[in-house]
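The residues making up each chain are set out below.
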Amino acid sequence: MNASDTPVPRRGALRAGAGAALAGVLAAGCADHGTTARPSAPRPDPASPAAATRPASPLPAPGPRRFPGLPVQIDHGPRDRARVALTFHGQGDPALARTLLAEAERAHARVTVLAVGSWLDEHPSLARRVLDGGHELGNHTQHHTDISTMDEAAAYAEIDGCARRLRRLTGSIGTWFRPSRTREATALVQRLAARAGYPHVLSYDVDSLDFTSPGAAAVTRKVTGEIRNGSVVSLHFGYADTAAALPLLLTEIDRRGLRAVTTTELLT
């Protein structure tokens, strides 16, 4: 993966405090100009008030990529590289979402956020917050209802509705699509996702079960007991247990010599 293969600085301070906490958890139950001869008019000073009134337009977010040789539905990355992808279902309390993103950034981790379209309608600034943190953003349907039980028209509306929100907010339909309320997409949903512009559907091989609110210790044990090279981990915004567990998870990922990267980086 080019530049992303460069080792990330270790989080000594984080490891020192959170490592002890993790040990207790496990024991308890285990993201020129060319010049001209002719004088020219003076250029505006970039720091001048006039320049400040011209805000730079953000670049469009990355879009989906096709990975030749990989199946339509992807649940893990290469097992021979020390990388993992932490993927978050984007819904719930925006304050918790910002806390989780900030914690990942403190640990030099990059994550993948699969956002629900109706959540983005309520909190549109979070789309750019995810991208500005170096993370990637994807589609988790418009209303987060059971897409496997829908007919073709309704299921496509769910995928396309969220894609339209993402495009409006970021200039792109996002990098990934993950179906709602199911780990794996049906053949119909895979076909509809491809029609909407997503060549792959993103699943996972490690389910944190954080949405059951089992406590931070249980979330930590579940993930650390299953994570390995290439794992794609399912986590959720909006749960206090997840926010409490994330520092411990990131410390353990680092202790094992793994790197938390976006899903696209995991597969590149």
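Structure: see above.
These figures come from a predicted structure and were not determined experimentally.

## Remarks on helix α8 (residues 216-226)
At step 1: Residues V219, T220, V223 and T224 constitute the buried set of α8. Relative to the axis of α8, the buried residues are bounded by an arc of 110° and lie together on one face.

## What about the layout of surface pockets?
At step 1: One number sums up the size of the largest pocket: a volume of about 340 Å³.
At step 2: Lining the largest pocket we find 18 residues, and of these H89, H144, R181, F211 and H236 sit closest to its centre.
At step 3: For the lining of the largest pocket, the class distribution of residues is 5 nonpolar, 9 polar and 4 charged.

## Overview of empty space enclosed by the protein
At step 1: When its volume is computed, the second largest cavity comes out at roughly 50 Å³.
At step 2: Lining of the second largest cavity is provided by A61, P62, L131, E136, L137, L166, T170, S172, G174 and T175.
At step 3: Residue assignment for the lining of the second largest cavity shows that the elements contributing at least two residues are β4 (136-139) and α6 (152-170).
At step 4: Residues belonging to the lining of the second largest cavity are distributed by class as follows: 5 nonpolar, 4 polar and 1 charged.

## So, the pairing of strand β7 (residues 232-236)
At step 1: Taken across its 5 residues, β7 has 5 buried, putting it largely inside the fold.
At step 2: Burial along β7 is two-sided: V232, S234 and H236 and V233 and L235, pointing in opposite directions, are all buried.
At step 3: Both strand β2 (residues 83-90) and β7 contribute to a ladder of 5 bridges, which runs parallel. Counterpart to L86 in the pairing with β7 is V233.
At step 4: Sheet topology note: the strand β6 (residues 206-207)/β7 ladder contains 2 bridges and is parallel. Looking at the pairing, V206 lines up with V233 of β7.
At step 5: As a crossover connection, the stretch from β6 through α8 into β7 is right-handed.

## Focus on the pairing of strand β3 (residues 112-115)
At step 1: Alternating positions in β3 separate into two faces, T112 and L114 on one and V113 and A115 on the other, with burial throughout.
At step 2: Sheet topology places β2 next to β3; 4 bridges connect them, and they run parallel. The residue of β3 that forms the bridge with G90 is A115.
At step 3: Both β3 and β4 contribute to a ladder of 4 bridges, which runs parallel. Each bridged residue has a counterpart across the sheet, and for A115 the counterpart in β4 is N139.

## Section: the side chain of S180
At step 1: Within the element layout of this structure, S180 appears in the loop between α6 and α7 (187-196).
At step 2: Residue S180 is classed as buried on the basis of its relative accessible area of 1%.
At step 3: Beyond its immediate chain neighbours, meaning those up to four positions away, S180 contacts H140, T141, H144, T145, D146 and I147.

## Things to note about the packing of aromatic side chains
The geometry of an aromatic ring pair is captured by two quantities: the separation of the ring centres and the angle between the planes.
At step 1: A full pass over the atoms with the stated rule returns 4 aromatic pairs.
At step 2: Ring centres of W119 and F237 lie 6.0 Å apart, and the angle between their planes is 50°; this geometry places the pair in the tilted category. Separated by 118 residues along the polypeptide, W119 in helix α4 (residues 117-122) and F237 in the loop between β7 and α9 (240-255) bring together distant segments of the chain. This pair shows no difference in class: W119 is buried, exactly as F237 is.
At step 3: Grouped by ring-pair contacts, the aromatic residues F88, W119 and F237 constitute a single cluster.
At step 4: If you follow R195 out to its NZ or CZ, it ends over the ring of Y156, 4.4 Å from the centre.

Rules and cut-offs
- Residues numbered from 1 in each chain as written.
- Predicted model: local features only at pLDDT ≥ 70, side-chain atom pairs only at ≥ 80, totals over all residues.
- Heavy atoms only, no water.
- Buried < 20%, exposed > 50% of the residue type's maximum accessible area, 1.4 Å probe, protein only.
- Helix = DSSP H or I, 4+ residues; strand = E, 2+ residues; numbered from the N terminus.
- Arc of directions from axis to C-beta.
- 1 Å grid on protein atoms, 1.4 Å probe; cavity = no way out; pocket = protein on both sides within 12 Å on 5 of 7 lines; lining within 4 Å.
- Points joined across faces, edges and corners; volume = space filled by probe spheres on them.
- Nonpolar A, V, L, I, M, F, W, Y, C, P; charged D, E, K, R; others polar.
- Pairing = 2+ DSSP bridges.
- Right-handed = clockwise from strand over helix to strand, strands pointing away.
- Contact = heavy atoms within 4.5 Å.
- Phe/Tyr/Trp six-rings, centres within 6.5 Å; stacked < 30°, edge-to-face > 60°.
- Lys NZ or Arg CZ within 6 Å of the ring centre and 35° of its normal.

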